[in-house]
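Read off the chains here:
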Amino acid sequence: MKNYFEKKTRFSNFFCVAGTPIAHSKSPVIHTLFGEGVNLELTYEKVEVSSGCLGVAIEQFKKAGGIGMNVTVPLKEEAFDIADDQSDRAIKAGAANTLCFKDGRIVADNTDGSGIVRDLKLNNSITLEGKTILILGAGGAAKGIIPALIKENPFSIKVSNRTISRAEALVEFTKDYPLEVLEWGKKLSYRPDIVINATSLSLSNDLPAIGSQTIGPGSVVYDMAYTVGPTNFMRFSESLGATQILDGLGMLVEQAAEAFFLWHGIFPDTSSIIEYLRNENSSNA
Ligand code: ATR
């Protein structure tokens, strides 16, 4: 059995993020900066955990003094299943990204959806109410944000995915809302207000099958990926004349802030951290 926290002594305020791959994760930096901002000493580490191994990692983490854990790809559904209690947000997404260990129970929550909504609304002044939204992708990333987007009362949400059965499964899952499916590569008769790229295409710098009928002047484009420098999808959207083009950095920080709040009861300042990471990114580009 792998020992995930072998060399660790017990920490008094110990947190971690688990997933695979994990080396690139910015969560330790973000949570450490949040802690510094509110004078809270904490230890936050990243640990590589593969599918099927989360239960063992959690037990070892708890023994090492762990209080809260973030989980990322590919463990979000496993985390949801392992938990003893799930928040409404986690139940609606069918996945968890934040675990709290309380009174011997594992409590699962999902802060991804409120992370993207906070980033759109608070950091970028984008209204969602009454808007037409197109989501590209129907994997875990799409599933995690849809419940929070629905709560904002948009005019419509369409989901387009290469494998149509996955988009149809999302419609089935979100049965209290009339989510619509658009065939991958098929043109819409109107240009949506907001296009969210929830596919993993930007991680390999590939583009989704859309063009100027979907994105153009007036469009808000949100790439949930966060890479050093703009993604190809962001560059492509710029060439089509999109009005606002955003990457996933704001969402990353906002979902972390929500997790921080769950664990510590304090909502940290996010704008200074987004700015710090943005500057760090541009100096590395
Ligand atoms: P995540 O949890 O990040 O959403 P995922 O569940 O593996 O990861 O989903 C990846 C998403 O990117 C899916 O919507 C996937 O489409 P499929 O369901 O058809 O696989 C999409 N995606 C990945 N590679 C793609 C490609 N080459 N073309 C189109 N869509 C792609």
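The residue numbers shown here count from 1 along each chain, following its written sequence. In keeping with the predicted nature of the model, local features appear solely for residues at pLDDT of at least 70, side-chain atom pairs appear and are counted solely at 80 or more, and the whole-chain, interface and lining totals rest on all residues. To get the side-chain values, take all heavy atoms of the structure and skip hydrogens and water.

## A few points about the pairing of strand β8 (residues 156-161)
Here is step 1: To sort residues, take the accessible area from a 1.4 Å probe on protein chains only and compare it with the maximum for the residue type: under 20% means buried, over 50% means exposed, and anything in between is partly exposed. Here a strand is any run of E in DSSP of at least two residues, a helix any run of H or I of at least four, and the numbering for each starts at the N terminus. Burial analysis of β8 places six of its six residues in the buried class, which makes it a mostly covered element.
Here is step 2: Every second residue of β8 is oriented toward a common face, with S156, K158 and S160 on one face and I157, V159 and N161 on the other, all of them buried.
Here is step 3: Where strand β7 (residues 132-136) and β8 come together, five bridges link them in parallel fashion. Paired with T132 across the strands is S156, a residue of β8.
Here is step 4: Seen with its strands pointing away from the viewer, a crossover is right-handed when the path leading from the first strand over the helix to the second is clockwise. Crossover handedness for the path β7 to helix α6 (residues 140-151) to β8: right-handed.
Here is step 5: Here β8 pairs with strand β9 (residues 180-183) via four bridges, running parallel. Note on β9: the bridge partner recorded for V159 is V181. A pair of strands is treated as paired once DSSP finds two or more bridges between them.

## Topic: the domain arrangement of the protein chain
Here is step 1: With domains assigned, the protein chain is organised as domain 1 (14-110) and domain 2 (113-249).
Here is step 2: Contact between two residues is taken to exist if any of their heavy atoms lie within 4.5 Å; hydrogens are not considered. Across the boundary between the two partners, domain 1 contributes eight residues, which contact seven residues of domain 2.
Here is step 3: Computed with a 1.4 Å rolling probe, the buried area is the accessible surface lost when two parts are put together, summed over both parts. Of the roughly 570 Å² buried where domain 1 meets domain 2, counting both sides, 55% is carbon and sulfur surface.
Here is step 4: Definition used for salt bridges: Asp or Glu carboxyl oxygen within 4 Å of a side-chain nitrogen of Lys or Arg. The tally of links from domain 1 across to domain 2 stands at one salt bridge.
Here is step 5: Between E77 and K143 there is a salt bridge, with the nearest N and O atoms lying 3.6 Å from each other.
Here is step 6: Here a polar contact is recorded for every N or O atom pair within 3.5 Å, except that within protein the pair must consist of a potential hydrogen donor and a potential acceptor, and residues adjacent in sequence are included only if both atoms are side-chain atoms. Scanning the region where domain 1 abuts domain 2 turns up one residue pair in polar contact (both at pLDDT 80 or more).
Here is step 7: A total of four residues in the side of domain 1 that touches domain 2 trace back to one element, the largest contributor, which is helix α4 (residues 88-93).
Here is step 8: Of the residues contributing to the side of domain 1 that touches domain 2, the split by class is two nonpolar, two polar and four charged. The start and end points of each domain follow an automatic or database-based domain assignment. Residue classes follow a fixed rule: Ala, Val, Leu, Ile, Met, Phe, Trp, Tyr, Cys and Pro count as nonpolar, while Asp, Glu, Lys and Arg count as charged, and any other residue, Gly among them, counts as polar.

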